[in-house]
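One letter stands for each residue in the lines below.
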Amino acid sequence: MLHVGINGFGTIGKRVADAVRVQPDMTVAGVAKRSPNFEATIADDRGYDLYAADGREPFDEADLATAGTVHDLIETSDVIVDTTPSGVGAANASLYAEHDTPAIFQGGEDAAVADVSFNARANYENAVGADTARVVSCNTTGLSRLLAPLKESYGVEKSRVTLVRRGADPGQTGRGPINDTLPDPVEIPSHHGPDVQTIFPDLDIDTMGMKVPTTQMHTHSVNVTLESEPTTEEVTSLLTDESRLFLIPETLGIDGAGKLKEYTRDAGRPRGDVWENCIWAESITVEGRDLYLFQAIHQEADVVPENIDAIRALSERTASAEKSIRRTDEALGVGRGLVEHDGSPQRVDSHADD
Ligand SMILES: NC(=O)C1=CN([C@@H]2O[C@H](COP(=O)(O)OP(=O)(O)OC[C@H]3O[C@@H](n4cnc5c(N)ncnc54)[C@H](OP(=O)(O)O)[C@@H]3O)[C@@H](O)[C@H]2O)C=CC1
Ligand SMILES: O=C(OP(=O)(O)O)[C@H](O)COP(=O)(O)O
């Protein structure tokens, strides 16, 4: 059983902890944070040992028991997942190295923070046995999952993506925009294209980003010029077979992120999380060698299964990406409760060959 410590128990950290908890081959060694806020009480309720990232006093004052400092957590963990805010992860890197504890960082850090930038579908193998990996950001994860099968099956000559980015997560009350649409970043390409190239170094990709006043999900308008000329049906079938891509059937009447989140809440997903890229099936269009589609990415959730696979890769639990992805998906429930794009009841999560 792998003991996984989680340093940072916010939007991503609490989801990673819950995802670790349901895996058959790993357990939560504990979680670290700075303040005894509502998320600390949730960690306590869940039975996770709480460690103080910045002194135990605030927790003592709030009558919340701590099991030690973040150093103790790192020492007792086989792997650490750093889910602290952008920049803090890089500052923590030397701490993990001192304790000789393999560490996983998040997409808010620069690529240089880790040996490997990681996406399970695209380059799991590169992280097997590495000391450190960086799970790329939510948008980059969404693009990598889509581009990997397209690249393998048809070759990609050029990708052009416009990302309409949610302005803030639901809990980020201090953020905007409130009543505006911002080119963000205004420079072109946005950081997403170069970030995708940390996964696919030779891929030709241009990205432009905007921020809009929604907390629900990001939306991508995608155009990929392929090297061959598949039909729309062939691409649809290829993408349908990918476990972390969900093709939204037209019959569901889901016209935006609001209904998507409602659907996954109705389907019983924890926190309404959408771990899959959600591609509108009727948007998939091939004209000549040009593929067009729209996809929605749930920023709080899509990197969660990737973190679980990164833990397995670093700790060499399996060298097979396919095996790790299937194990993660089954334990977490990726695909579960969602209908197939042709309207048939549900994805099958069969692990008969594991
Ligand atoms: N939110 C998103 O949409 C996504 C975020 N990411 C990336 O994931 C990482 C984490 O982001 P997110 O979960 O949103 O961040 P949050 O702000 O929601 O959570 C950060 C957590 O880290 C804790 N923390 C803050 N400072 C420190 C510190 N110095 N040492 C230890 N813990 C600390 C906070 O604790 P406390 O509250 O006690 O201060 C909090 O529990 C970032 O790199 C981000 O770019 C990637 C994909 C999507
Ligand atoms: O990694 C994310 O987005 P990004 O891929 O646009 O950088 C997360 O949604 C966090 O984005 P934020 O930096 O706007 O909070």
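As the structure is a computational prediction, the values presented were derived from the model and not from experiment.

Trainee: Could you give an account of the sheet that holds strand β8 (residues 132-135), naming the residues involved and the relevant values?
Mentor: Strand pairing within a sheet occurs via backbone hydrogen bonds; the two strands may be parallel or antiparallel. Taken together, eight strands build an open sheet; the order of strands is β4-β3-β2-β1-β5-β6-β8-β7 and the sheet is parallel. The sheet is open, and its two edges are formed by β4 (68-69) and β7 (116-118), each paired on a single side. Judged from the four bridges that link them, strand β1 (residues 2-7) and strand β5 (residues 79-82) form a sheet pairing that is parallel. Among the inter-strand pairings, Gly5 is bridged to a residue of β5, identified as Ile80. Each of β1, β2 (26-33) and β5 is contacted by helix α1 (residues 11-21), which is oriented at about 160° to β2, the strand it contacts most.

Trainee: Could you give me a rundown of helix α2 (residues 38-46), with the residues and numbers involved?
Mentor: Every buried residue belonging to α2 is among Glu39, Ala40 and Ala43, and all of these are buried. Seen end-on, α2 carries its buried residues on one side only, within an arc spanning 105°. The exposed residues of α2 that point more than 90 degrees off its buried face are Phe38 and Asp45. Contacts from the buried residues of α2 go to α1, β2, β3 (50-52) and α3 (57-61). Once α2 ends, the next one or two residues include Gly47, with phi positive near 90°.

Trainee: Any details on the UniProt feature "domain: Glyceraldehyde 3-phosphate dehydrogenase NAD(P) binding" (unreviewed entry) in the protein chain? Residues and values, ideally.
Mentor: UniProt marks residues 2-138 with the feature "domain: Glyceraldehyde 3-phosphate dehydrogenase NAD(P) binding" (unreviewed entry), using the numbering shown here. Between the C-alpha atoms that bound residues 2-138 there is a distance of 25 Å. The span itself is 38% helix and 24% strand.

Trainee: Could you give an account of the domain arrangement of the protein chain, naming the residues involved and the relevant values?
Mentor: Domains assigned within the protein chain are domain 1 (2-137 + 303-331) and domain 2 (138-301). Inter-centroid distance (C-alpha atoms) of domain 1 to domain 2 is 25 Å. Interface of domain 1 and domain 2: buried area, both sides summed, is about 1,900 Å²; carbon and sulfur atoms make up 43% of it. Of all residues in domain 1, the largest losses of buried area upon contact with domain 2 belong to Arg15, Arg121 and Ser137, amounting jointly to 35% of the total for that side. Between domain 1 and domain 2 we count 10 salt bridges in total. Arg15 serves as the salt-bridge partner of Glu300, at 3.4 Å between the closest nitrogen and oxygen.

Trainee: Mind laying out the site of ligand 2, listing which residues take part and the relevant values?
Mentor: In the vicinity of ligand 2, the contacting residues are Ser137, Cys138, Asn139, Arg165, Arg166, Arg175, His191, His192, Lys211, His218 and Gln299. In the model, an oxygen atom of ligand 2 is placed 2.5 Å from a nitrogen or oxygen of the Ser137 side chain. A distance of 3.3 Å is found between an oxygen atom of ligand 2 and a side-chain nitrogen or oxygen belonging to Lys211. Look at ligand 2: alone it shows 380 Å² of surface, and the protein chains cover 77% of it. Going through the elements one at a time, α7 (138-154) and β9 (156-166) are the ones with two or more residues in the shell around ligand 2.

Trainee: With reference to specific residues and values, describe unusual backbone geometry.
Mentor: Here the amide bond leading from Gly176 into Pro177 is cis, since omega sits at 5°, within 30 degrees of zero. Mapped onto the secondary structure, Pro177 falls in the loop between β9 and β10 (182-183). With an omega dihedral of 0°, the bond running from Ile188 to Pro189 counts as a cis peptide bond. For Pro189, the location among the structural elements is in the loop between β10 and α8 (192-196). Positioned with a positive phi, Arg271 is a non-glycine residue whose angle comes to about 55°. Relative to the helices and strands, Arg271 is located in the loop between α10 (257-266) and β14 (277-280). Here Glu316, not a glycine, exhibits a phi torsion of approximately 55°, which is positive. Along the chain, Glu316 turns up in the loop between α11 (303-314) and α12 (321-332). Given a relative accessible area of 54%, Glu316 falls into the exposed group.

Rules used throughout
- Residues numbered from 1 in each chain as written.
- Chains lettered and ligands numbered in written order.
- Predicted model: local features only at pLDDT ≥ 70, side-chain atom pairs only at ≥ 80, totals over all residues.
- Heavy atoms only, no water.
- Pairing = 2+ DSSP bridges.
- Helix = DSSP H or I, 4+ residues; strand = E, 2+ residues; numbered from the N terminus.
- Contact = heavy atoms within 4.5 Å.
- Axes fitted to C-alpha atoms, helices over the stretch in contact; angles between N-to-C directions.
- Buried < 20%, exposed > 50% of the residue type's maximum accessible area, 1.4 Å probe, protein only.
- Arc of directions from axis to C-beta.
- UniProt positions renumbered as here; feature names shortened; annotations may be inferred.
- Domains from an automatic or database assignment.
- Buried area = accessible area lost by both parts, 1.4 Å probe.
- Salt bridge = Lys/Arg side-chain N within 4 Å of Asp/Glu carboxyl O.
- Near = heavy atom within 4 Å.
- Polar contact = N/O pair within 3.5 Å; in protein donor to acceptor, adjacent residues only side chain to side chain.
- Areas by Shrake-Rupley, 256 points an atom, 1.4 Å probe, with all protein chains shown as cover.

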